[in-house]
Amino acid sequence: MRIASPPPEGMTPDRAAKSIVDGPKVTPRLYTGNCLNVLEDMDDDSIHLVVTDPPYGLDGLDSDWKKGTGGKRGTGAVGGLPIGMKFDPNQGRQLQKFLDPINAHLFRVLKPGGFMLMFSAPRLVHRMTVSAEDAGFEIRDQYAWRFTKRAQFKAFSMDHFIRQQADMKERDKQDMIKYMNGRKTPQLRPQYEAIMCAQKPRTGTFLNNWLEHETGLIDAKQTLTGRAPSTVMTVEKPDKAKYNGHLTVKPVRLIEHLICLFSSQGQIVLDPFLGSGTTCVAARKAKRRSIGIDINRNYIQIAKRRIEEETT
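Residues numbered from 1 in each chain as written. Predicted model: local features only at pLDDT ≥ 70, side-chain atom pairs only at ≥ 80, totals over all residues. Heavy atoms only, no water.

A.B. asks: Describe the overall build of the chain, and please don't skip the residues or the numbers.
C.D. replies: Each helix and strand counted, the chain has nine helices and 10 strands in total. By the burial criterion, 46% of the 312 residues in the chain qualify as buried. Long-range pairs, those at least 24 residues apart, make up 72% of the contacts in the chain between residues at least 6 apart in sequence. Summed over all atoms, the accessible surface of the chain reaches about 15,900 Å², with 51% contributed by carbon and sulfur. (Helix = DSSP H or I, 4+ residues; strand = E, 2+ residues; numbered from the N terminus. Buried < 20%, exposed > 50% of the residue type's maximum accessible area, 1.4 Å probe, protein only. Contact = heavy atoms within 4.5 Å. Areas by Shrake-Rupley, 256 points an atom, 1.4 Å probe, with all protein chains shown as cover.)

A.B. asks: Please provide a residue-by-residue account of the side chain of Asp 271, values included.
C.D. replies: Mapping Asp 271 onto the fold places it in strand S9 (residues 268–271). Despite its burial, Asp 271 pairs with no opposite charge; the closest candidate is Arg 306, at 9.1 Å N-O. A distance of 2.7 Å separates polar atoms of two side chains, one belonging to Asp 271 and the other to Thr 279. Once residues lying within four places of it in the same chain are set aside, the contact partners of Asp 271 are Val 51, Thr 52, Asp 53, Thr 279, Ile 291, Gly 292 and Ile 293. (Lys, Arg positive; Asp, Glu negative; His and termini not counted. Salt bridge = Lys/Arg side-chain N within 4 Å of Asp/Glu carboxyl O. Polar contact = N/O pair within 3.5 Å; in protein donor to acceptor, adjacent residues only side chain to side chain.)

A.B. asks: Report on the packing of aromatic side chains, specifying residues and quantitative values.
C.D. replies: For the structure shown, the criterion picks out six aromatic pairs. Aromatic pair Phe 107 and Phe 137: ring centres 5.2 Å apart, planes at 85°, arrangement edge-to-face. Here Phe 107 is found in helix H2 (residues 89–109), whereas its partner Phe 137 is found in the loop between helix H3 (125–135) and strand S6 (138–146), with 30 residues between them in sequence. The class of Phe 137 is buried, set by a relative accessible area of 3%. (Phe/Tyr/Trp six-rings, centres within 6.5 Å; stacked < 30°, edge-to-face > 60°.)

A.B. asks: An account of the nonpolar core is requested, with residue identities and associated values reported.
C.D. replies: Buried together is how nonpolar side chains tend to be arranged in soluble globular proteins. Leu 49, Leu 117, Leu 258, Ile 259 and Phe 262 are the most contacted members of the largest nonpolar core, which totals 33 residues. Of all the secondary structure elements, the ones that give two or more residues to this core are strand S4 (47–52), strand S5 (110–120), S6, strand S7 (192–199), helix H7 (252–262), helix H8 (278–285) and helix H9 (297–310). The element contributing the most residues to this core is H7, with eight residues. If we ignore the near neighbours within four places in the chain, the residues touching Leu 49 are Leu 110, Phe 115, Leu 117, Leu 258, Ile 259, Phe 262, Ser 263, Ile 268, Val 269 and Leu 270. Judged by nonpolar contacts, the second largest core, of 31 residues, contains Leu 110, Ala 121, Ala 135 and Phe 273. (Core = buried A, V, L, I, M, F, W, Y, C linked by side-chain atoms within 4.5 Å.)

A.B. asks: Residue-level account of H7, with values.
C.D. replies: Of all the 11 residues making up H7, nine are buried; the element is thus mostly covered by neighbouring parts of the structure. Among all positions of H7, only Val 252, Leu 254, Ile 255, His 257, Leu 258, Ile 259, Cys 260, Leu 261 and Phe 262 are buried.

A.B. asks: Mind laying out the packing of H7 against H8, listing which residues take part and the relevant values?
C.D. replies: In the contact formed by H7 and H8, the axes pass within 8 Å of each other and the chain directions differ by 60°. In terms of orientation, H7 and H8 fall into the oblique class. Judged by the sense of rotation from one axis to the other, the crossing of H7 with H8 is right-handed. Residue-level inspection shows Val 252, Ile 255, Glu 256 and Ile 259 of H7 in contact with H8, the latter providing Thr 278, Thr 279, Val 281, Ala 282, Ala 283 and Lys 285. Here the residues of the contact of H7 with H8 are counted per class, giving six nonpolar, two polar and two charged. (Axes fitted to C-alpha atoms, helices over the stretch in contact; angles between N-to-C directions. Parallel < 35°, antiparallel > 145°, perpendicular 65-115°, else oblique. Left-handed = near helix turned anticlockwise from the far one by under 90°. Nonpolar A, V, L, I, M, F, W, Y, C, P; charged D, E, K, R; others polar.)

A.B. asks: I'd like a description of the side chain of Thr 129, backed by residues and values.
C.D. replies: Residue placement: Thr 129 occurs in helix H3. Looking at Thr 129, its side chain comes within polar contact range of the main-chain oxygen of Val 125, at 2.8 Å. Sequence-distant contacts of Thr 129, defined by excluding residues within four places in its chain, comprise Ile 139 and Met 196.

A.B. asks: So what's going on with the packing of H2 against H3? Residues and values would help.
C.D. replies: Between H2 and H3, whose axes approach to 8 Å, the crossing angle comes to 35°. The chirality of how H2 crosses H3 is right-handed. Taking contact as the criterion, the partners of Gly 92, Arg 93, Leu 95, Gln 96, Leu 99, Asp 100, Asn 103, Ala 104 and Phe 107 in H2 are, on H3, Arg 127, Met 128, Val 130, Ser 131, Ala 132, Asp 134 and Ala 135. Its residues assigned to classes, the contact of H2 with H3 shows eight nonpolar, four polar and four charged.

A.B. asks: How would you sum up the sheet that holds S5? Please name residues and give values.
C.D. replies: Spatial strand order, S3-S10-S9-S4-S5-S7-S6-S8: eight strands in an open sheet with mixed pairing. Edge positions in the sheet fall to strand S3 (29–32) and strand S8 (232–234), since each of these pairs with one other strand and no more. For this sheet, the mean angle separating the axes of adjacent strands, direction not counted, is 20°. Bridging between S6 and S7 involves eight bridges; their strand directions are antiparallel. (Pairing = 2+ DSSP bridges.)

A.B. asks: Could you give an account of the environment of Phe 153, naming the residues involved and the relevant values?
C.D. replies: Examined against the element boundaries, Phe 153 turns out to sit in the loop between S6 and helix H4 (158–163). With 34 residues separating them in the primary sequence, Phe 153 and Gln 187 have C-alpha atoms 7.5 Å apart. Those residues in contact with Phe 153 that lie beyond four places of it in its chain are Lys 184, Gln 187, Leu 188 and Arg 189.

A.B. asks: Give a description of the pairing of S4 that names residues and reports values.
C.D. replies: Of all six residues that make up S4, six are buried, and the element is covered over most of its length. Sheet analysis places S4 next to S5, joined by five bridges and oriented parallel. Bridged to Ile 47 within S5 is Leu 110.

A.B. asks: Could you give me a rundown of the environment of Phe 119, with the residues and numbers involved?
C.D. replies: Note on placement: Phe 119 falls in strand S5. It is 6.4 Å that separates the C-alpha atoms of Phe 119 and Met 196, two residues lying 77 residues apart in sequence.

This is a description of form; function is not addressed.
Below, the structure is given as structure tokens:
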């Protein structure tokens, strides 16, 4: 099996080196840079599985995907409003536009029959799905990562906005608050994220494709509950190390389950939006090789530390 090699020592891999190495490699390959640049230099039909969580709904990130600068995000998030009220339809359209060239490359580098599992906010998963389908993927299913703890109820009461009305008398404000009777913006307490399951078309039958590429079939023995794997996967949100400032860390247990379900030991798992490294941590635990890409240099450093601490 073949995997993209790291760039020369000391070189920031804005573009991945084209050289390759043979043989099983458990140590993840990490790249700092725009994933489009790295993907451009990856071989066709070289990846067995893609597991990723694109930056689809975080606000206050600049073009380098860094928090706190207040600049424009690559996915066109709406600025200037509380996060619970950012529902500009243009955000989804920009996300689809952002993903289109990336999904085209992911389609190219995946082996025939290879799967792509992409996390999404439920209200944006349709845009991710259309982008993947336009790239050539078959949409196999949609899963739900379910959690019950630390899920903030983000609906906003009208009381605050009424109190801010400068042209209303206090008695009128109180009457209006009473009339509204606690009505809030339409956001229920979130308890799941969507996971799109897409597949690159296989070569011939399922059996023929497996015999040629060892992709396209699942390991149905994998389970989170002791029962057959299902489309709803309940795993609580993880606790993070103090040094990990990433906002949307996924549970290693969940990602490891997905990796074991959709790939085999020794195969190559790719995450083009690595974040703080969960996919590579999980892949190493599952005895898979992995490639992780992130544009944020700080996240790559966090990922390196996590891989060392959580897999030794």
